[in-house]
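Residues per chain are reported as follows:
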Amino acid sequence: MKSYKIIGWLAVLALLVAVQPLDRSVEYDRLVLGLQQPTPWFQIAARGSAGDTELAVTGVTGVIVGAALGGFREVAATMLWMKTHEYWHKGEALQAKALWLMRLVTLLDPHWLEPWRVTAWHLAYNLYVETDDPALRAKYLQMGVDCLKEGVSWNPDRYDLYLELGWTYFDKVEDFEEANKWFKAAMLYPHPEYVDRLVGHAYERMPDIPRSLDAYDYCLKRDPQDHTAKGATLTIRERYLIPWYLAEQGKYDEALAAINEYLLAKPNSSLGLHVKGAIAEQAGKLRLAYDTWKLAGDISQLDFLAQSKAVQLAHELGIETEDTAQYLYMQKVGKDLKVSMPGRDTMAR
Amino acid sequence: MAIRTDNLSKIYSHDATGRPVGLIDLSLAVEEGQIFGLLGPNGSGKTTTLKLLLGLIFSTSGSGQIFGHPLGSNATKERIGFLPEGPYFYEHLNGMELLSFYGTLFGMGGSRLAGRVEELLHLVGMWDRRFIRVRDYSRGMRQRVGAAQAMINDPDLLFLDELTSGLDPIGAMEMHELILRLRDQGKTIFLCSHLLKDMEPLCDRVVILDRGEMCQSGVVEDLLRVENQYRLLLSNCSDELTQQLQASAQRTEAVDDQLAAYYTDQSAALAAAQQAAAAGAVIEALGAHHRTLEEVFIEAVGGEK
Amino acid sequence: MMRPIFRVARATFHEAWRRRFLNGILIFAILIIGSSWVFAYLQPGAELQMIIDIGLGSIRFFGMLIAVFLGTRLIPDEIERRTVHTILAKPVSRAQFVFGKFLGGVATIAVNLVVMGIAFYIVFAIKAPQFAAAKPEDALIFAAMYSNIAKAIVLAFFEVWLVLGIAVVASTLFSWVLSVIVTFVIYFVGQMADFFQQLSDPERGASKLAQILLGTLYRVLPHFEIFDIREAILQGTYTPWSTLLQIIGQGLAYLVVILLIGYLVFNEREV
């Protein structure tokens, strides 16, 4: 070979070697900046071959595979996403397929928040209402929550999925403690202002009156013009503070009398019934507590907390009852439904 | 020495009989200020030789030099011009743009380039048609522009492959005149052609190729000169006359319906002419005989066999 | 030394615009980018993300198509149409010729990408404020988005130029069809580079030999994914110029390697 050729090929080799440190430096930078998005090939493959019989691979066309492989993952994810909507609206038979595709989209593009949100919504809300079996409903709740938790693990710096998760706990499971945990996580990042108020709402419904007042206080500090917070504070002070204080001091009968006075005027107030139920439980009047929670649950079909508490107390009292989905869910995750009122753990506040 | 090759070879493959295909052991020398002809039928290796000299392809053995530089070096290219067979240019350019482009490859520019382009376009008779795009050119127009681009850098050595292909007789004549003028200016011309007739009046020296090998070379004058030969060309010969002439002449040749008789001295030829005239034949021509290149070629190639 | 390169480049550039097929690709790309506007409407709750993904994806994808179909034809066309003869007979070395053709391709692609980039940026600039207004809590992300997108487009240039280099060099080695295939394969495999890295991870349990092979493959291949800064766009991370320059530098290094290979191959090429 001519000399220049030998030199040339040696130069090629030398360059390839010389590039390596630059390559590492770039890799490091990209890692630090969070730009590295290694494709979760093995996770995708694992899901594809999982034992779950619902998983079907059709719908993932060649174009999408090509795009996914060819460095156009996001475009592939977008295309797949549009397909999932198509499947979803074609009816129940294809919903499982659609769900699998949705999870695939989240794998392909984990930083796209929409698929996480929508998938969890489909699970916790839509599939939930398609069945009447509480056990199945509990399962869907679990799946929805798990989905969002995975989404959060991929996107720990965005408020969005924390909020979704919190909201699911708040609205569907009515585990307000858990909900607040996530709301507060959302508040660590740039977020819309109503999240702060949601904390107050959650505490209100638990019920935990002092903490809810604290939450609204925080809202008002942040924005003195916050009308909702202001209104809520006034309402709580007016209606529930006195019964609560009385209960805290152990004066249960007076507390009950106070809350009953309010309930005379507003017999259907679910918050009022929540407070009454909490006081009754704290006072040890389980039957009364059961009746109160039952009433609250009957008045509002969506008052899952009341229903769960009723079921729990029914079990304790030996009354025959049907387990609700939320109750089953809480059981499964080992959640304690006991009310916590100060007097027992004042210091914890 | 403008061009010099030493056993330059380019073997592409071997044919069925084991004979190499390509160019075999070509050694030639072209002096400056000459018109040199590389002649031979199609497929004899002329274009291969040309491409080797220009560095477009590479030899399998042997070597060559142009102006003392190795084949294909940029130093050479500054002083040469090339008109390929075809020729093929960027279709979307017009004559003026094309020439300007080639000029810029030599580093020419500005008004100097514009002036040169205009001069050349006039020279090849394409000035009026300078805005027509190459894709709309006729064969002859391509040839003209091709000659122009070959001369854009005022080269000392011009390589011309099938110079007059596609040109009408007048155009061909203009080209020939141009070549001669260039030679008179001291330039060297390297011509490739299979038109032996046309090359005869132009070339000073020739090399004739046949199937990749040189089969004849020399100064044209020397090759064509035939000492002491006179030719009598007759038509309307009777068989009797023909027989008589065959006996007296050195040799005879039937050319179509004419008879050519060759004599070594003039008086014998004269005598034969009178004899023929008396016998009623028509004297078509009588004079000193020169060979043509074609004859030289056929002889050389025939000799091979 | 440089002048013939630029002359050839300029001639190449002018000629490239006459290729209808490529112009068609450009127009199609602009249509797709424009239509991303509509896609976003069709998807309730879809975010600016979709517009960005389709827009940037189109620029990269169609840019790559143009690079492949232009790059693989630059040199073969000259050889097949024999226009190269008169050029190489002038004082233009083969190296200058190849590099000049490549530069012409670079310029052509640059113009194409600029046009696509402008189309995309227009759609984005119109839509972004609407989304920004709807989600004030994402203000930081939006603030960084404009510069991040501009940087992403710049990186796309280098990504596509790298593909062009591969295409041109492939065309000196293989027939046209094969060079197109080879270029696409190198591109896809280069995109999947992290897959090889994952495979070569000892935890995966592949044989030692396979690990070494895959590891080497990973090291040698051009890593196209380095040009992807989509995460920065979505998370609002500020991408410092030092990182950008390093990425560009790496891309250019690979380009130099590829062009060097092309030179070594083409220098022996008979025309």
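Just so we're clear, the structure is a prediction, and the values are computed from it rather than from any experiment.

> How should I be thinking about the interface of chain C and chain A in this particular structure?
Interface size, as often reported, equals the accessible area lost upon joining of the parts. The interface is formed by 47 residues belonging to chain C together with 39 residues belonging to chain A. Secondary-structure elements contributing two or more residues to the side of chain C that touches chain A are helix 3 (48-80), helix 6 (139-173), helix 7 (176-191), helix 8 (193-199), helix 9 (208-220), helix 10 (230-235) and helix 11 (241-266) of chain C. Ranked by residues supplied to the side of chain C that touches chain A, first place goes to helix 11 of chain C with twelve residues. Looking at the side of chain C that touches chain A residue by residue, the classes come out as 24 nonpolar, 14 polar and nine charged.

> Any chance you could explain the interface of chain B and chain C here in plain terms?
Tallying the contact residues gives 22 residues for chain B and 19 residues for chain C. Going through the elements one at a time, helix 2 (74-77) and helix 3 (95-105) of chain B are the ones with two or more residues in the side of chain B that touches chain C. Looking at which element gives the most residues to the side of chain B that touches chain C, the answer is helix 3 of chain B, with four residues. Partitioned by chemical class, the residues of the side of chain B that touches chain C number 14 nonpolar, six polar and two charged.

> Mind showing me how you'd approach the sheet that holds strand 14 (residues 258-263) of chain B here?
Pairing between the strands of a sheet comes from backbone hydrogen bonds, and it takes one of two forms, parallel or antiparallel. Residues and elements named next belong to chain B. Read from one edge to the other, the open sheet built from four strands follows the order 13-14-12-15, with strand pairing classed as antiparallel. A single partner strand is all that each edge strand has here, and the edge strands are strand 13 (251-255) and strand 15 (282-288). Strand-to-strand twist in this sheet, taken as the mean axis angle between neighbours without regard to direction, amounts to 20°. In terms of strand pairing, strand 12 (residues 230-235) meets strand 14 through six bridges, oriented antiparallel. Note that in strand 14 the partner of Leu232 across the bridge is Ala261. Running over the sheet, helix 10 (residues 266-278) touches strand 12, strand 14 and strand 15 and is turned about 10° from strand 12.

> Would you explain unusual backbone geometry in this entry?
Trans is the common state for peptide bonds, and a negative phi is the common state for residues other than glycine. With an omega of -5°, the peptide bond running from Met206 of chain A to Pro207 of chain A counts as cis. Relative to the helices and strands, Pro207 of chain A resides in the loop between helix 10 (194-205) and helix 11 (209-222). Positioned with a positive phi, Asn7 of chain B is a non-glycine residue whose angle comes to about 50°. The topology assignment puts Asn7 of chain B in strand 1 (residues 3-14).

> Looking at this model, I keep getting lost on the arrangement of the chains. Mind explaining?
Looking across the two pairs of chains in contact, one finds the most contacts between chains A and C. The closest approach of any C-alpha atom in chain A to one in chain B is 14 Å; the two make no contact.

Reading the values: rules and limits
- Residues numbered from 1 in each chain as written.
- Chains lettered and ligands numbered in written order.
- Predicted model: local features only at pLDDT ≥ 70, side-chain atom pairs only at ≥ 80, totals over all residues.
- Contact = placed C-beta atoms within 7 Å.
- Helix = DSSP H or I, 4+ residues; strand = E, 2+ residues; numbered from the N terminus.
- Nonpolar A, V, L, I, M, F, W, Y, C, P; charged D, E, K, R; others polar.
- Pairing = 2+ DSSP bridges.
- Axes fitted to C-alpha atoms, helices over the stretch in contact; angles between N-to-C directions.

No statement about biological role is implied by the geometric values presented.
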